[in-house]
Amino acid sequence: MTNSPLTFLLIAGTVFLTISVIGQAKLGFAEINPGFFGRFLALIIGLFSLTAAVLLVLFPADGINLIRDYLVQQIQQSLG
């Protein structure tokens, strides 16, 4: 858990899913009252964040860079 993007995505996903499940909450001076659309949006953002974290674990940045370089090379060959 030393990879900062991975840690950020996991924490953000957990927070957004918590907001979408709990809905109305009062935490001391802060009040969370998202409504239906806010809860739905928090659910989407939370699922997206956790999915991105899982994909970051399954496919490290080196593999993604290799795929990106291959696609750039193929596009350049097809255009030129």
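Just so you know, these numbers come straight off a predicted model, no measurement behind them. (Residues numbered from 1 in each chain as written. Predicted model: local features only at pLDDT ≥ 70, side-chain atom pairs only at ≥ 80, totals over all residues. Heavy atoms only, no water.)

**Focus: helix H2 (residues 35–58)**
Right, so step 1: With 24 residues, H2 should reach 34 Å at 1.5 Å per residue; the first-to-last C-alpha distance of 34 Å fits that figure.
Right, so step 2: Every buried residue of H2 is listed here: Ala-42, Gly-46, Ser-49 and Ala-53.
Right, so step 3: Residues of H2 that are buried sit in contact with helix H1 (4–22). (Helix = DSSP H or I, 4+ residues; strand = E, 2+ residues; numbered from the N terminus. Expected span 1.5 Å × (residues − 1). Buried < 20%, exposed > 50% of the residue type's maximum accessible area, 1.4 Å probe, protein only. Contact = heavy atoms within 4.5 Å.)

**Re the confidence of the model for the chain**
Right, so step 1: Within the chain, residue pLDDT values average 84, and 95% of them lie at 70 or more.
Right, so step 2: Between the elements of the chain, mean pLDDT differs from a low of 77, seen in strand S1 (residues 25–27), to a high of 88, seen in H2. (pLDDT = per-residue confidence, 0-100.)

**Points about the packing of aromatic side chains**
Right, so step 1: Within the structure shown, the criterion is met by one aromatic pair.
Right, so step 2: Aromatic pair Phe-36 and Phe-40: ring centres 6.4 Å apart, planes at 15 degrees, arrangement stacked. With Phe-36 and Phe-40 both in helix H2 and four residues apart, the pair spans about one turn of that helix.
Right, so step 3: Among the residues examined, Phe-36 registers a relative accessible area of 71% and is labelled exposed. (Phe/Tyr/Trp six-rings, centres within 6.5 Å; stacked < 30°, edge-to-face > 60°.)

**Details of the pattern of salt bridges**
Right, so step 1: The tally for this structure, following the rule as stated, stands at one salt bridge.
Right, so step 2: Measuring nitrogen to oxygen at the nearest pair gives 3.9 Å for the salt bridge that ties Arg-68 to Asp-69.
Right, so step 3: Exposure remark for Asp-69: the relative accessible area of 42% places this residue in the partly exposed category. (Salt bridge = Lys/Arg side-chain N within 4 Å of Asp/Glu carboxyl O.)

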